[in-house]
Amino acid sequence: MPASSSIDRYVVIGNPIAHSLSPAIHARFAEQTREAIAYERMLVPRGEFAAHARRFFSAGGAGANVTLPFKVDAFEFADSASERARAAGAANFLAARDGHIEADNTDGAGLVRDLEDNLGIAIAGARVLLVGAGGAARGVVTPILARLPAALVIANRTLERARELAQRFGDRGAVEAVALDAISGERFDLVLNATSASVQGEAAALPEAVFAPGAFVYDMAYGPAADAFLARARERQLRAADGLGMLVEQAAESFFLWRGKRPETAPVIRELRSSRA
Ligand code: NDP
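A quick note: this is a predicted structure, and the numbers were derived from the prediction, not measured.

A. Just the overall build of the chain, in detail. When its secondary structure is counted, the chain shows 10 helices and 12 strands. By the compact-globule yardstick of 19 Å for 277 residues, the chain fits well, its C-alpha radius of gyration being 19 Å. Taken over the C-alpha atoms alone, the chain extends approximately 60 × 40 × 30 Å along its principal axes. Each of the 277 residues in the chain was classed as buried or not, and the buried ones make up 52%. The contacts of the chain with a sequence gap of at least 6 include a subset with a gap of at least 24, amounting to 66%. Only carbon and sulfur atoms are counted for the fraction: they give 50% of the accessible area of the chain, which is about 12800 Å². The average position of the 31 basic charges and that of the 33 acidic charges among the side chains of the chain differ by 2 Å.

B. Structural view of the side chain of Asn156. Structurally, Asn156 is set in strand E8 (residues 151-156). Of the polar contacts made by the side chain of Asn156, one reaches the backbone oxygen of Thr158; its length is 3.0 Å. Contact partners of Asn156, with chain neighbours within four places excluded, come to Gly132, Ala133, Arg161, Ala162, Val178, Ala179 and Leu180.

C. Inspection of the nonpolar core at higher detail. Core analysis: the biggest nonpolar cluster contains 30 residues, and Leu111, Leu115, Leu130, Leu192, Tyr218 and Met220 have the highest contact counts within it. Of all the elements in the fold, those that place two or more residues in this core are helix H5 (107-118), strand E7 (127-131), helix H6 (135-146), E8, helix H7 (159-169), strand E10 (188-193) and strand E11 (211-219). Ranked by residue count, the leading element in this core is H6, at five residues. Setting aside its immediate chain neighbours within four residues, Leu111 contacts Val140, Ile144, Leu192, Tyr218, Met220 and Met246. Residues Tyr10, Ile17, Ile25 and Val268 belong to the second largest nonpolar core, which totals 22 residues.

D. Focus on the sheet that holds strand E6 (residues 100-104). The six strands lie next to each other as E2-E1-E3-E5-E6-E4, forming an open sheet whose pairing is mixed. Each end of this open sheet is capped by a strand with a single partner; those strands are strand E2 (37-43) and strand E4 (80-81). Judged from the three bridges that link them, strand E3 (residues 63-66) and strand E5 (residues 93-97) form a sheet pairing that is antiparallel. Bridge assignment links Asn65 to a residue of E5, and that residue is Phe93. Each of strand E1 (8-14), E2, E3, E5 and E6 is contacted by helix H9 (residues 244-259), which is oriented at about 5 degrees to E5, the strand it contacts most.

E. Molecular detail of the sheet that holds strand E12 (residues 239-241). Pairing within the open sheet is parallel, and its six strands lie in the order E9-E8-E7-E10-E11-E12. In this open sheet, the two edge strands, each paired with only one partner strand, are strand E9 (175-179) and E12. Averaged over all pairs of adjacent strands, the angle between strand axes in this sheet comes to 20 degrees, irrespective of strand direction. Sheet topology places E11 next to E12; three bridges connect them, and they run parallel. When the sheet's bridge partners are listed, Phe216 is paired in E12 with Arg239. The strands that helix H8 (residues 227-235) touches are E10, E11 and E12; relative to E11, the one it contacts most, it runs at about 160 degrees.

F. Inspection of the site of the ligand at higher detail. Taken together, the neighbourhood of the ligand is formed by 26 residues, with Ala133, Ala136, Asn156, Thr158 and Arg161 sitting nearest. The contact in question runs from an oxygen atom of the ligand to an N or O atom on the side chain of Asn156, over 2.7 Å. A distance of 2.9 Å is found between an oxygen atom of the ligand and a side-chain nitrogen or oxygen belonging to Arg157. Within the complex, 84% of the 930 Å² of free accessible area of the ligand lies under protein. Looking at the shell around the ligand, the elements with two or more residues in it are H6 and H9. Its residues placed into classes, the shell around the ligand shows 12 nonpolar, nine polar and five charged. When residues of the shell around the ligand are assigned to domains, at least three map to each of domain 1 (8-105 + 245-275) and domain 2 (108-242).

G. Looking closely at the pattern of salt bridges. Scanning the model with the defined rule gives 17 salt bridges in all. Here Arg28 makes a salt bridge to Glu31, at a shortest N to O gap of 2.6 Å. Here Glu31 and Arg28 lie together in helix H1 (residues 22-33), a separation of three residues that amounts to about one turn. The class for Glu31 is exposed, based on a relative accessible area of 55%. The residue Glu160 makes a salt bridge to Arg163 at a minimum N-O spacing of 3.8 Å. With a gap of three residues between them, Glu160 and Arg163 both fall in helix H7, about one helical turn apart.

Rules of the game
- Residues numbered from 1 in each chain as written.
- Predicted model: local features only at pLDDT ≥ 70, side-chain atom pairs only at ≥ 80, totals over all residues.
- Heavy atoms only, no water.
- Helix = DSSP H or I, 4+ residues; strand = E, 2+ residues; numbered from the N terminus.
- Rg over C-alpha atoms; globule rule 2.2 N^0.38 Å.
- Buried < 20%, exposed > 50% of the residue type's maximum accessible area, 1.4 Å probe, protein only.
- Contact = heavy atoms within 4.5 Å.
- Areas by Shrake-Rupley, 256 points an atom, 1.4 Å probe, with all protein chains shown as cover.
- Lys, Arg positive; Asp, Glu negative; His and termini not counted.
- Charge placed at Lys NZ, Arg CZ, Asp CG, Glu CD.
- Polar contact = N/O pair within 3.5 Å; in protein donor to acceptor, adjacent residues only side chain to side chain.
- Core = buried A, V, L, I, M, F, W, Y, C linked by side-chain atoms within 4.5 Å.
- Pairing = 2+ DSSP bridges.
- Axes fitted to C-alpha atoms, helices over the stretch in contact; angles between N-to-C directions.
- Near = heavy atom within 4 Å.
- Nonpolar A, V, L, I, M, F, W, Y, C, P; charged D, E, K, R; others polar.
- Domains from an automatic or database assignment.
- Salt bridge = Lys/Arg side-chain N within 4 Å of Asp/Glu carboxyl O.

Next up, the structure:
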């Protein structure tokens, strides 16, 4: 029997999860929209995603965000998936609807919204370099291609993984793969770092020749993890941003899908930035 509760319960599932800002973000959205929800962190041991997710939803859980390393498990766990989650083969969003679990992937929408609406960066017509071919990169390729960039090149340390992505998404637009240490000669207007190199403290080193004059540089990592990568961009006099806006925007998209109300993101991004400054 599902546990009865007047407040809908949501969780963010990951490992590790203690660092997650999602509970704070959703608490702000709930206040703003006057929606009564509970949103907590859930630490799940590796290899045990399905058992824990099943228990949460059987006990009446309304929805979950899912982060590293479980996005593929979340996709496989769901009974059905949106087009964008199917395209990515990974989900960061689950919702219980009429007794079955639906998956979605809001990461790409979050990135595009942050770039276009918050930062004023046009993806349409831009030459875009996506560095990395892991879970985050998978989630953003389709939404980027949908904005019709002039080119999308995926560069990864392990070339094979970039090739897999380029093949997977090749029918959706012009996308090429290249080894990270073999990029040269091409200039890009928008450079997106989707590697975890910054989190590990070593910013992916990119040759000067990659940046078009006035290029915009974006690191999907946020906070101190993005500092080194962004510092290098600023040394080159390029505009740059970290992924905090993407995090808040993917959360807003999730909130909208669950609650049918779109929260305002700008005050939440501002507040998080000032509390972390
Ligand atoms: P994955 O572990 O799935 O992928 C890691 C990627 O980083 C791979 O492409 C890997 O290359 C590459 N990489 C790791 N170390 C290095 C290095 N030293 N030099 C060059 N490349 C390296 O991670 P995710 O894709 O899930 O996450 C990537 C980043 O995106 C993280 O910083 C994460 O926090 C951020 N993110 C931010 C979100 C947001 O909302 N702002 C949402 C999702 C992710 P290889 O294939 O060769 O191993």
